[in-house]
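Structural overview for review
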Amino acid sequence: MGFEKINRVIMIVLDSFGIGALPDAAKYGDVGSSTFGHIAMNCRGIRLPNMQKLGLCNIDVLDAVAEGGFIEKQDHVVGCFGACNEASASKETMVGHWEMMGVYVKEPFPTYPNGFPKEVIEELEQKTGTKFLCNRPASGTEIIKELGKEHMQTGHPILYTSADSTMQIAAHEEIITIEKLYEICKTAREVMRGKHEVCKIIARPFVGEEGNFTRTTGRHDYAIDPISETALEKMVKKGYSVSGVGKIRDIFNGKGISEYVYTYDNMDGVDKTIDYMNQSKSSMVFTNLVEYDMLWGHRRDVLGYAKGLEAFDKRLPEIMALLKDTDMLIITADHGCDPTFRGTDHTREYVPLLVYGKSLKQNVNLGIRKTFADTAATLAEIYDLSGFEIGDSYLSQIKRS
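Along each chain, residues carry numbers from 1 onward, in the same order as the chain's sequence is written. Predicted model: local features are reported for residues with pLDDT of at least 70 only, side-chain atom pairs are reported and counted for 80 or more only, and whole-chain, interface and lining totals are derived from all residues. The side-chain quantities take in all heavy atoms of the structure and omit both hydrogens and water.

Looking now at the overall build of the chain. The number of helices and strands found in the chain is 14 helices and 14 strands. Both definitions apply: the radius of gyration is a C-alpha atom measure, and the globule rule equals 2.2 Å times residues to the power 0.38. In terms of overall dimensions, the chain is globule-like: its C-alpha atoms have a radius of gyration of 21 Å, near the 21 Å expected for 401 residues. Projecting the C-alpha coordinates of the chain onto the three principal axes gives extents of approximately 70 × 50 × 35 Å. When the 401 residues of the chain are sorted by exposure, 57% land in the buried category. Every residue pair with non-hydrogen atoms within 4.5 Å of one another is taken to be in contact. A fraction of 70% describes how many contacts in the chain between residues 6 or more apart in sequence connect residues 24 or more apart. Per-residue accessibility takes into account occlusion by the displayed protein chains alone, with areas from the Shrake-Rupley method and a 1.4 Å probe. Looking at the chain as shown, the accessible area adds up to about 15,900 Å², and 46% of this sits on carbon and sulfur atoms. Here a strand is any run of E in DSSP of at least two residues, a helix any run of H or I of at least four, and the numbering for each starts at the N terminus. Think of it in three bands: with a 1.4 Å probe and only protein chains considered, a residue is buried below 20% of the maximum accessible area for its type, exposed above 50%, and partly exposed in between.

Residues Ile158 and Tyr160 point to one face of strand E4 (residues 158-161) and Leu159 and Thr161 to the other, with burial holding for every one of them. Running through helix H6 (residues 140-154), the crossover from strand E3 (residues 133-137) to the neighbouring parallel element E4 is right-handed. Strands qualify as paired when DSSP identifies two bridges or more between them. With three bridges connecting them, E4 and strand E5 (residues 166-172) associate as antiparallel partners. Looking at E5, one finds that Ile158 is bridged to Ala170. Linking E4 to E5, which pair antiparallel, is a turn of four residues. Seen with its strands pointing away from the viewer, a crossover is right-handed if its path from the first strand over the helix to the second goes clockwise.

As a further point, take the sheet that holds strand E14 (residues 364-369). Within the open sheet, the eight strands sit side by side as E10-E9-E11-E1-E12-E13-E2-E14. Their pairing is mixed. Across the chains shown, the open sheet's two edge strands, defined by having one partner strand only, are strand E10 (259-261) and E14. Pairwise comparison of adjacent strand axes, ignoring direction, gives a mean angle of 15° for this sheet. Across three bridges, the pairing between strand E9 (residues 242-245) and E10 is parallel. Bridge pairing in E10 places Gly244 opposite Tyr260. The convention used is that axes are lines fitted to C-alpha atoms, helices contributing only their stretch in contact, and that angles between N-to-C directions extend from 0 to 180 degrees. Docked against the sheet, helix H12 (residues 302-322) engages strand E1 (8-14), strand E11 (284-289), strand E12 (327-332) and strand E13 (351-356), running at close to 170° with respect to E12.

Let us look at the packing of helix H1 (residues 35-42) against H12. Packing of H1 against H12 brings their axes to within 10 Å, and their N-to-C directions diverge by 100°. When the axis of H1 is compared with that of H12, the two are roughly perpendicular. In this structure, H1 uses Thr35, Ile39 and Asn42 to contact H12, whose residues at the interface are Val302, Tyr305, Ala306 and Leu309. In terms of residue class, the contact of H1 with H12 is built from five nonpolar, two polar and no charged. Our angle categories are set so that under 35 degrees counts as roughly parallel, over 145 as roughly antiparallel, 65 to 115 as roughly perpendicular, and the remainder as oblique. Here the term charged refers only to Asp, Glu, Lys and Arg, the term nonpolar to Ala, Val, Leu, Ile, Met, Phe, Trp, Tyr, Cys and Pro, and the term polar to all other amino acids, Gly among them.

Before going further, it helps to examine the environment of Met11. Looking at the element boundaries, Met11 is found in strand E1. Given a relative accessible area of 0%, Met11 falls into the buried group. Along the chain, Met11 and Met284 lie 273 residues apart, while their C-alpha atoms are 7.5 Å from each other. Apart from the residues lying within four places of it in its own chain, the contact partners of Met11 are Met100, Met101, Met284, Val285, Phe286, Thr287, Ile330, Thr332 and Thr375.

Right under this line is the structure:
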């Protein structure tokens, strides 16, 4: 069978599934990190047969993990495989996704390891009419345990950050309604402009009683627009349809997204991806599976992460069976979040690149890509887009003659 022109791309991001520290990891304090490598070392029974068939364990940067006996390289690989180096100065979810779509971020967005400056808090309090608790980096689940009772007594929202470029504001739904919390976050978004323009303001509602507080699904992100035009925007302008699954809509602030659906968890994300594939109207289905990052990476849950990977791997044959001859499947990630590494933050790592299509070559080593934007360059070749400054298409490497 020769090459069938690709007219639909299914792209799935396993949020935080890094595969080894990048050469510049020292700048980020992440030397020695390896999300997948350390999960494999700690969970020797992990089974990912379908991603292995696509070439996951044959990726060059995982050689040391394979030589240690923690994963097995495959002789019969049906996919194309490689690793991607992040060119942007970041290890943010948003920046990672932007780079995949052709946007290069040279300067990191502001972070606040010592909390937000006094003038920011004063302006925010003046414009929202409320005081705030905390104002320091914190784990979202831990900070509501620590300050949830005081919040309920005072009515003051909990404001915190992380190693990422974010401001997060948490409130109990019985103390501050979700609608009011959203209004506070919208105000914060306007305050955090200029030199304080963080990537995201995140509303974090929770419920429950002291000792049993639980975050709800009412999270909402107030992001900034991509700093330049993405492949998604170029596609939509040319009349193609882009369907976002999970937090894709928020990551791109709606830019270049024709339609979208939010998800409850990873398996719901797989279900929604399959729904869009069955509808046959999307030129691209773009999915983010967030639990790897949110539930297992940040919370240092190695076993949970491993089980989550196995759960996705079991669903992969369903996705592959629905692929048409003119479809291309891409599985990748946006950064690392090594659950065995010190701290609870993202880690600066290579990410996997797995590509499969019924009309594409098999067992092609795509090597180490210089940038996530090689995928944008590939989309540009498929959909006849133009105007990208970075990225090299890998389509010619995987097309059958």
